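Chain by chain, the residues:
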Number of protein chains: 2
Amino acid sequence: MQRKEFTIDCQLCTHLKDSLFNGLTPEDLSRINNHKTCIQYKKGQNIFYEGTRPTGLFCINGGKVKVFKNNVQGKEFILYIAKPGDFLGYRALLSEEFYGATATVLEDAKICFIQKENFFEVLQKNPVFMKKVVKQVCQQMGIMEERMAELAHKSVRERLAGSLLMLKESYGMEGDDSVLLDIALSREDWASLVGTATETVIRLLSDFKSDELISFEGKKIRVLDPKRLAKQADLIVA
Amino acid sequence: MQRKEFTIDCQLCTHLKDSLFNGLTPEDLSRINNHKTCIQYKKGQNIFYEGTRPTGLFCINGGKVKVFKNNVQGKEFILYIAKPGDFLGYRALLSEEFYGATATVLEDAKICFIQKENFFEVLQKNPVFMKKVVKQVCQQMGIMEERMAELAHKSVRERLAGSLLMLKESYGMEGDDSVLLDIALSREDWASLVGTATETVIRLLSDFKSDELISFEGKKIRVLDPKRLAKQADLIVA
DNA sequence: AAGCTTTTATGACAAAAGTCATGTTTTGCC
DNA sequence: GGCAAAACATGACTTTTGTCATAAAAGCTT
């Protein structure tokens, strides 16, 4: 499989402003810029594999990537869905461990790879950047704590409704009266994200559709009634 | 409720060697030492509350503490069980958020409180310490990713077996042929840790007892057969 | 020691969710 | 455009787990 490279200047990257690299000194940014490799990936290709050693950091310039763990029975659980501007693989890099998850392209992607030496150098000589990274990691951790608690005590229905609302935040395209989730996930992917079986997702989504909480638009989902969906996400007793 | 203080010198603390503070310069350590407040807590007392603003870092000198989230129905999910040498509350501090969880004393505890200013100062002027903190946080995150995936796809039985083995690592006291878990958790706490109902834990623990995987010793549990327990923790098909 | 509260235990039942089988639709590809 | 594969859908059934009721046991307090 041939690697299709592309070029982009970090300084000119559209996503710089919402990325962790925002605020780097020109020298630091150009150090990153001059040492990166940018590759185009097709849907289905893997960026890195669980159990392998990280050698650098991935920065998404375009497309979408899922990061997931596979259990013994081959059941997948999606930890994150990354979009342009997001970093991938820093967790394992900073904990000095092997990758704990696999990253696969969901929608054709353009991804820059930064060798760990360059990342670490910028990190070390730039305490402000370091602080931002720490903050980001700890925020992420707070999100994971929340999600764990939900996995522990919420029903699949509640979690699915919650996932729809969560993706609405990241991928929602506001319409007049509804929001299109600009991400094409298979029912299987939804199941991996929510932590359930594919059939259950199919049934529940079709329930939500019957209840006019959502509608289907090709492979994408339109959220029609976020408020009622939020009620579904919380608790039945409420 | 009166605060019972106590005194301890960080330099002389038994847990210094396994703590993040290990390796600090004498000056840094004494800065921490001179500005800390040490308080004794009784079982059931709270250290901090979900939704409140963190003002510093807690360092456990003795006892055990559970950190948990409460959901809307009042169901508890235990995120961590902290023991001597562990830090508490750094996540919210570093992400500059409110506490995402509540910390309650499980077994009478002695806990030192370090004002955030002092913690941040040491953190800022000491890149090696910073790096250790980051590494620790990212390792913790890896553990949480693993646990999330288990919550998503493992049965309660598997998770309970897994939790027994996990606590064996932290609290196991090796005997001739078995390991006593040196931590007294109620059935309700076990349920909060595993993410299930109290009755289910009661039933499963008594199953495990019938199968001679564990035995009860007062309020504590003795692991009789870690290997078979590990089989229970993994998958049925295996 | 008695009486209260909390914890542990057990049974019966209901609800939620997983699994398996099968069928239909969509998609990708030559 | 037609074929194969993948994705989606639905029904039937089983298993797991939660819930509620009740009771026994253990811990505290006076």
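Whatever comes next refers back to the structure up there.
A short tour of the structure in this document, coming up. (Residues numbered from 1 in each chain as written. Chains lettered and ligands numbered in written order. Predicted model: local features only at pLDDT ≥ 70, side-chain atom pairs only at ≥ 80, totals over all residues. Heavy atoms only, no water.)

1. Here we look at the overall build of chain A
Consideration 1: Looking only at helices and strands, chain A features eight helices and 11 strands.
Consideration 2: The C-alpha radius of gyration computed for chain A amounts to 19 Å, which stays within 12% of the reference 18 Å derived for 238 residues, consistent with globular compactness.
Consideration 3: With the C-alpha coordinates aligned to their principal axes, the bounding extent of chain A is approximately 55 × 40 × 40 Å.
Consideration 4: Counting the 238 residues in chain A, one finds 52% classified as buried.
Consideration 5: Expressed as a percentage of contacts within chain A between residues at least 6 apart in sequence, the contacts between residues at least 24 apart total 71%.
Consideration 6: Entry remark: accessible area of chain A is about 11,400 Å², with carbon and sulfur atoms responsible for 50%.
Consideration 7: Across chain A, the 34 positively charged side chains and the 32 negatively charged ones have centroids separated by 2 Å. (Helix = DSSP H or I, 4+ residues; strand = E, 2+ residues; numbered from the N terminus. Rg over C-alpha atoms; globule rule 2.2 N^0.38 Å. Buried < 20%, exposed > 50% of the residue type's maximum accessible area, 1.4 Å probe, protein only. Contact = heavy atoms within 4.5 Å. Areas by Shrake-Rupley, 256 points an atom, 1.4 Å probe, with all protein chains shown as cover. Lys, Arg positive; Asp, Glu negative; His and termini not counted. Charge placed at Lys NZ, Arg CZ, Asp CG, Glu CD.)

2. Considering unusual backbone geometry
Glycine aside, residues mostly have negative phi, and peptide bonds are mostly found in the trans state.
All names here are of chain A.
Consideration 1: Even without being a glycine, glutamate 212 presents a positive backbone phi close to 60°.
Consideration 2: Note that glutamate 212 resides in the loop between helix H7 (198-210) and strand S10 (214-217).
Consideration 3: In this structure glutamate 212 comes out as exposed when scored by relative accessible area, which is 56%.

3. Focus on the protein's contact with DNA strand D
Consideration 1: Taken together, 14 residues are adjacent to DNA strand D, and Arg187 and Lys219 of chain A together with Val156, Thr196 and Thr200 of chain B come closest.
Consideration 2: Of everything in DNA strand D that lies within 4 Å of the protein, sugar and phosphate atoms constitute 58%.
Consideration 3: In the environment of DNA strand D, a phosphate oxygen lies 2.9 Å from a nitrogen or oxygen atom belonging to the backbone of arginine 187 of chain A.
Consideration 4: At the level of secondary structure, the elements contributing two or more residues to the surface near DNA strand D comprise H7 of chain A together with helix H7 (198-210) of chain B. (Near = heavy atom within 4 Å. Polar contact = N/O pair within 3.5 Å; in protein donor to acceptor, adjacent residues only side chain to side chain.)

4. Looking at the relation of the copies chain A and chain B
Consideration 1: Between chain A and chain B, which share one sequence, the superposing operator has a rotation angle of 180° and an axial displacement of 0.0 Å; the RMSD is 0.0 Å. The superposition operator between the copies reduces to a two-fold rotation axis.
Consideration 2: A shared interface surface links the copies, since 100% of the contact residues of chain A are contact residues in chain B too. (Least-squares fit on C-alpha atoms with pLDDT ≥ 70 in both.)

5. Overview of the pattern of salt bridges
Where charged atoms from two side chains of opposite charge approach closely, those side chains can pair.
Residues and elements named next belong to chain A.
Consideration 1: Under the counting rule described, the total for this entry stands at 34 salt bridges over all chains.
Consideration 2: In this structure, lysine 220 engages aspartate 182 in a salt bridge whose closest nitrogen and oxygen atoms are separated by 2.7 Å. Of this pair, lysine 220 sits in strand S11 (residues 220-223) while aspartate 182 sits in the loop between strand S9 (179-181) and helix H6 (187-194), and the two are 38 residues apart along the sequence.
Consideration 3: Lysine 220 sits in the partly exposed class, given a relative accessible area of 25%.
Consideration 4: A salt bridge links arginine 228 to aspartate 225; its shortest N-O distance comes to 3.0 Å.
Consideration 5: Note on arginine 228: relative accessible area 37%, which makes it partly exposed.
Consideration 6: The exposure class of aspartate 225 is partly exposed, given its relative accessible area of 22%.
Consideration 7: Taken together, the salt bridges that share partners define one network made up of Lys66, Glu76 and Asp189. (Salt bridge = Lys/Arg side-chain N within 4 Å of Asp/Glu carboxyl O.)

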